[in-house]
Amino acid sequence: MTTLFEKIGGQASVDAAIDPFYRRVLADPYVSRFFEGVDMAKQAEKQRGFLTMAFGGPHSYTGKDMREGHRHLVQNMGLNGTHFDQILAHIRSTLASLGVSEELITEAIAIAESTRADVLDL
Amino acid sequence: MPDITFEGIKYDCATDETVLDSLTRHGVLLPSGCRSGSCHACKVKAVKGKPPEASQTGLKDTLKAQHYFLACMCKPEEEIEIALADSSESFSSTIIEKLWLNETVLKIKLTRPDGFQYQAGQFINLSRSSDQLVRSYSLASIASDDFLELHIKRVPDGRMSNWLCDELQTGDTISFFGPSGSCFYVQDNIEQPLLLAGTGTGLAPLYGIARDAIQAGHTGPIHLFYASHHAEGLYYADELKALADEYAQLNCTACVLQGEKPAAALSGAVDQAVVNALGDLTGFRVYICGDAPVVEQMQRSFFFAGASMQSIYADAFAFTPEG
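Let me begin by describing the structure that accompanies this report.

Definitions and limits used
Residues numbered from 1 in each chain as written. Chains lettered and ligands numbered in written order. Predicted model: local features only at pLDDT ≥ 70, side-chain atom pairs only at ≥ 80, totals over all residues. Heavy atoms only, no water. Helix = DSSP H or I, 4+ residues; strand = E, 2+ residues; numbered from the N terminus. Rg over C-alpha atoms; globule rule 2.2 N^0.38 Å. Buried < 20%, exposed > 50% of the residue type's maximum accessible area, 1.4 Å probe, protein only. Contact = heavy atoms within 4.5 Å. Areas by Shrake-Rupley, 256 points an atom, 1.4 Å probe, with all protein chains shown as cover. Lys, Arg positive; Asp, Glu negative; His and termini not counted. Charge placed at Lys NZ, Arg CZ, Asp CG, Glu CD. Pairing = 2+ DSSP bridges. Axes fitted to C-alpha atoms, helices over the stretch in contact; angles between N-to-C directions. Phe/Tyr/Trp six-rings, centres within 6.5 Å; stacked < 30°, edge-to-face > 60°. Lys NZ or Arg CZ within 6 Å of the ring centre and 35° of its normal. Parallel < 35°, antiparallel > 145°, perpendicular 65-115°, else oblique. Left-handed = near helix turned anticlockwise from the far one by under 90°. Nonpolar A, V, L, I, M, F, W, Y, C, P; charged D, E, K, R; others polar. Buried area = accessible area lost by both parts, 1.4 Å probe. Salt bridge = Lys/Arg side-chain N within 4 Å of Asp/Glu carboxyl O. Polar contact = N/O pair within 3.5 Å; in protein donor to acceptor, adjacent residues only side chain to side chain.

Looking now at the overall build of chain A. Across its full length, chain A holds seven helices and zero strands. From first element to last, N terminus to C terminus, chain A shows the α and β order α-α-α-α-α-α-α. Computed over the C-alpha atoms, the radius of gyration of chain A is 14 Å, within 12% of the 14 Å expected from 2.2 N^0.38 for a compact globule of 122 residues. Its C-alpha atoms put chain A at 40 × 30 × 25 Å along the principal axes. Counting only residues that meet the buried cut, chain A has 42% of its 122 residues in that class. Across chain A, the fraction of contacts at a sequence separation of at least 24, relative to all contacts at a separation of at least 6, is 74%. Approximately 6100 Å² of chain A is accessible, and the part contributed by carbon and sulfur atoms is 56%. Each charge sign in chain A was given a centre, from 12 positive and 16 negative side chains, and these centres are 4 Å apart.

Structure (structure tokens):
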């Protein structure tokens, strides 16, 4: 059985997606403020973890991490479902621009979608 | 609330209080610097109890394994007994030379202590013996130099910088610990174009990194941009020109934000000036040093201009007036 992670091209593909994805969200004034930080490299590292997970790859995230890691954004910065949708759209377009098939994109989005309740602290 | 034991005495630690703040409140002064987890001046060791993971962020695995943690980042979750970090990484050095590079930047040359190893571009933490005041300064020298070189920016009301500028004399000794920092050249892909961009005394580590890269045999183009608010804030123009004349792969360009500028200098915001000059930064390895807000702005602009986040090395300086 081939996993999504293998089909999509493994860690190399995730790594190739990080910069374009991070550029997209930083360039989008609707969501950029959630991704700006004193340490951009650390922020990019977090996106790496998130994309690895969305691609079905090995990751160390737990629902609790997701919840606690985003709680300050929900409570202090108004992170909500429309922002989450916007991020999913950016993942979609990033993958499409890298030539990932619609079928695999749908799989990746489904995994990312599964974190919604934790990310938004619902 | 968990207690902190230090040198046989127990101190209470309030909710949301760090080990550093708690001990300070009790009148126990640990060495400290940035108070934000970057300078590692307040690194201490947990003898009993487990420090929270967040307080070990940025420490080497070897140090984590020995239960070292940063007191300024540690909000203890359980009783903890701490000890000062081994003093083995502390060095003593003699001032060889003090030379003003412009109105507010002082070059200090120090003897290089035996056994002190570092990478050009890293920083050391100077410690004033009278009150344990600690501040970080980047090294402008390279490992093969038999001296250490620092560029000290005089900060208005800055306790350390004014002391270094006015009180400390040639022939005096000063102690420091380190090195710290991960903004340095690694010999890999020697044909890769390098971009080195800095403001103010951000030039110090970049000067070191440029010389280090050249010495390591880097053949790809090295573009060094050094920026300042005004022309008077620039320094090292002659040194940089001499270096660039000697090594064809090196290109040095000054950039001034406002006012009059030297003939060959660029004007305006440095991040935009660099992008205008170099265009697409895809494939570049990038080193950025200097004032934190400008460093962030450059990181962002260079990233958007095509540099990969993995290839951007940044060292943001915090200037601490009074603090």
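The next point concerns the pairing of strand β6 (residues 90–100) of chain B. Residues and elements named next belong to chain B. As paired strands, β6 and strand β11 (residues 173–180) are joined by five bridges and run antiparallel to one another. Bridged to Ser90 within β11 is Phe177. Pairing geometry for β6 and strand β7 (residues 105–111), over five bridges, is antiparallel. Residue pairing across strands places Leu99 opposite Lys107, the latter belonging to β7. Following β6, the chain reverses through four residues before pairing antiparallel with β7.

Before going further, it helps to spend a moment on the sheet that holds strand β14 (residues 250–256) of chain B. Residue and element names in this part refer to chain B. Strand order in the open sheet formed by six strands is β15-β14-β13-β12-β16-β17, and the pairing between neighbours is parallel. Each of the sheet's edge strands pairs with one partner strand only, and the pair in question is β15 (266–267) and β17 (312–317). Bridging between strand β16 (residues 285–291) and β17 involves six bridges; their strand directions are parallel. If you follow Tyr287 over to β17, its bridge partner there is Tyr313. In this fold helix α4 (residues 203–215) packs onto β12 (194–199), β13 (222–228), β14, β16 and β17, with an angle of close to 170 degrees to the strand it touches most, β13. This element, helix α5 (residues 237–246), spans β13 and β14 of the sheet and lies at about 155 degrees to β14.

Counted according to the given criterion, the structure contains nine aromatic pairs over all chains. Between Tyr22 of chain A and Phe303 of chain B the ring centres are 5.5 Å apart and the planes differ by 45 degrees, which places this aromatic pair in the tilted class. With Tyr22 of chain A in helix α2 (residues 10–27) and Phe303 of chain B in helix α7 (residues 292–304), this residue pair bridges two chains. Each of the two residues, Tyr22 of chain A as well as Phe303 of chain B, counts as buried. Here a set of aromatic residues connected by ring pairs shows up, and it is made of Phe91, Phe116, Tyr118 and Phe176 of chain B. Sitting over the ring of Tyr68 of chain B, Lys43 of chain B keeps its end group 5.6 Å from the ring centre.

Residue and element names in this part refer to chain B. Direction vectors running N to C along helix α6 (residues 270–278) and α7 enclose 30 degrees, while the axes themselves pass 9 Å from each other. Relative to α7, the element α6 lies roughly parallel. As for how α6 packs across α7, the hand of that crossing is right-handed. The residues of α7 that touch α6, namely those facing Val270, Asp271, Gln272, Val274 and Val275, are Val294, Gln297, Met298, Ser301 and Phe302. In the contact of α6 with α7, the residues fall into six nonpolar, three polar and one charged.

On to unusual backbone geometry. Residues and elements named next belong to chain B. In this structure, Pro179 follows Gly178 across a cis peptide bond, with omega equal to 5 degrees. Along the chain, the position of Pro179 falls in strand β11. The backbone of Glu7 shows a phi angle near 50 degrees, a positive value even though the residue is not glycine. For Glu7, the position within the fold is in the loop between β1 (3–6) and β2 (9–12). At Asp157, a position not held by glycine, the phi torsion is positive, near 65 degrees. Relative to the helices and strands, Asp157 resides in the loop between β10 (147–153) and α3 (159–166).

Right, let's talk about the interface of chain A and chain B for a bit. Where interface size is given, it is often the accessible area lost as the parts come together that is meant. Listed as interface residues are twelve residues of chain A and, on the opposing side, ten residues of chain B. Of the roughly 1000 Å² buried at the junction of chain A and chain B (both faces included), carbon and sulfur atoms supply 57%. For the chain A face of the interface with chain B, the top three residues by lost area are Asp19, Arg23 and Met40 of chain A, together amounting to 53%. Remark: the boundary between chain A and chain B carries zero salt bridges. Between chain A and chain B we count six residue pairs in polar contact (both at pLDDT 80 or more) in total. Elements with a contribution of two residues or more to the side of chain A that touches chain B: α2 and α3 (40–54) of chain A. Of the residues that constitute the side of chain A that touches chain B, the class distribution is seven nonpolar, no polar and five charged.

Turning our attention to the environment of Leu23 of chain B. Examined against the element boundaries, Leu23 of chain B turns out to sit in helix α1 (residues 19–25). Setting aside its immediate chain neighbours within four residues, Leu23 of chain B contacts Ile4, Tyr11, Val28, Leu30 and Ile82 of chain B.

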